[in-house]
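Letter by letter, the chains look like this.
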Amino acid sequence: MNYWNQFLWVIFPYMMIATTIIGHIYRYSTDQMDWSSRSSEFLEKKTLRWGSMLFHYGFIFVFFGHVLGLLIPESFITNNIGMNNETYHKIAISFGGIAGIATVIGISILLFRRYGNKKVSKTSSFNDKFIIVLLVLVIGFGIYNTIFYNLTTTGDFNYRLSISPWFRSLFIFSPDPSLMVHAPITYKIHVLLAFLTFGVWPFTRLVHVWSLPIAYIKRRHIVYRRRCGEVK
Ligand code: HEM
């Protein structure tokens, strides 16, 4: 295995995982006040609503598609659910495709808003602008792989026999870079950009993902009262 493949499929992923863990601990212990999505809704509402809704709802399905495709071995689905690879791919391309398209449209709307709307652009930090371009690239290559690569190539590349076991091998600390060497370049770029996203995650507004609004459930009701004599 040459050094380059060792770097790309062993050293770089572990570097990004370490950066994201240390970065989150550092950010949480030094910057809790800014642990939010820092919404710019008050600057521009309409486009944000469409962009954010399409992106977040689309990505929830994409996320669970990745959990299914990356974390659950193909043999388990074939043997226990009786779904062969062909059927699995048809479902992945259709549902993953629809969810992926919603995610692509959503993130593109948010990109044009972030760069195109003067007020939003002026109040955006370098990190805000960088992370949205990175997400557009990750998602763009992802959707290219799911729809265009799968539908245009007769190749029988099955990521669940290469990328998925490689991904799992990282978390049992016996990384196998040879599984990634023959993956199509667009899949490799998607995975590397995704790990770069994990690496910069703690230094961007993506930290809002971890802020589940649990407190809201326990929070006391806010009672609004009209002042005496105030006209209805
Ligand atoms: C920031 C993280 C990531 C984002 C935003 C993302 C986004 C996407 C999107 C939108 C798609 C197309 C829709 C779909 O098939 O679900 C996709 C496909 C894909 N992603 Fe990701 N992804 C991420 C991380 C990863 C990682 C870490 C891996 C593997 C290690 C991965 C492997 C794949 C594969 C193999 C496909 C193509 C599936 C197919 O051919 O059917 N993704 N991704």
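I will try to describe carefully the structure that is included in this document. Keep in mind that what you see is a predicted model, and the values were worked out from it rather than measured.

## Details of the overall build of the protein chain
- In terms of regular secondary structure, the protein chain is built from 9 helices and 0 strands.
- Sequence-ordered secondary structure for the protein chain, helices as α and strands as β, is α-α-α-α-α-α-α-α-α.
- The principal-axis extent of the C-alpha atoms belonging to the protein chain is close to 75 × 40 × 40 Å.
- Burial analysis of the protein chain (232 residues in total) assigns 38% to the buried set.
- Considering only intrachain contacts with a sequence separation of at least 6, the fraction spanning at least 24 residues in the protein chain is 77%.
- Positive and negative side-chain charges of the protein chain, numbering 23 and 10 respectively, have mean locations separated by a distance of 13 Å.

## Considering the coordination of the iron atom of the ligand
- H66 (NE2) and H190 (NE2) make up the full set of protein donors to the iron atom of the ligand, lying at 2.0 Å.
- Considering all 6 donor atoms around the iron atom of the ligand, the spread of angles at the metal, 87 to 179 degrees, places the coordination shape in the octahedral class. You can see H66 sitting in helix α2 (residues 46–71) and its partner H190 sitting in helix α8 (residues 185–200), a full 124 residues away along the chain.
- On the basis of relative accessibility, which here comes to 36%, the residue H66 falls in the partly exposed class.

## What about α2?
- Across its 26 residues, α2 extends 37 Å between first and last C-alpha, which sits within 8% of the 38 Å expected from 1.5 Å per residue.
- Listed as buried for α2 are L48, G51, F55, G58, V62, G69 and L70.
- Structurally, α2 contributes buried residues whose contacts are with α4 (85–116), α6 (126–152) and α7 (163–171).

## Considerations on the pattern of salt bridges
- On inspection of all chains with the given rule, the structure shows 5 salt bridges.
- Notably, a salt bridge pairs E44 with R113, separated by 2.5 Å at the nearest N-O pair. With a gap of 69 residues between them, E44 in the loop between α1 (3–30) and α2 and R113 in helix α4 connect regions that are remote in the sequence.
- We classify E44 as buried; its relative accessible area is 13%.
- When its relative accessible area of 4% is taken as the criterion, R113 is described as buried.
- Of the charged contacts, one joins E86 and K90 as a salt bridge, the two residues approaching to 3.2 Å between their closest N and O atoms. Separated by 4 residues within a single helix, E86 and K90 lie in helix α4, roughly one turn from each other. For the pair formed by E86 and K90, the shared burial category is exposed.

Cut-offs used in this document
Residues numbered from 1 in each chain as written. Predicted model: local features only at pLDDT ≥ 70, side-chain atom pairs only at ≥ 80, totals over all residues. Heavy atoms only, no water. Helix = DSSP H or I, 4+ residues; strand = E, 2+ residues; numbered from the N terminus. Buried < 20%, exposed > 50% of the residue type's maximum accessible area, 1.4 Å probe, protein only. Contact = heavy atoms within 4.5 Å. Lys, Arg positive; Asp, Glu negative; His and termini not counted. Charge placed at Lys NZ, Arg CZ, Asp CG, Glu CD. Donors = N, O, S within 2.8 Å, 3.2 Å for Na, K, Ca; no water. Tetrahedral: all angles 85-135°; square planar, octahedral: opposite > 155°, others 65-115°. Expected span 1.5 Å × (residues − 1). Salt bridge = Lys/Arg side-chain N within 4 Å of Asp/Glu carboxyl O.

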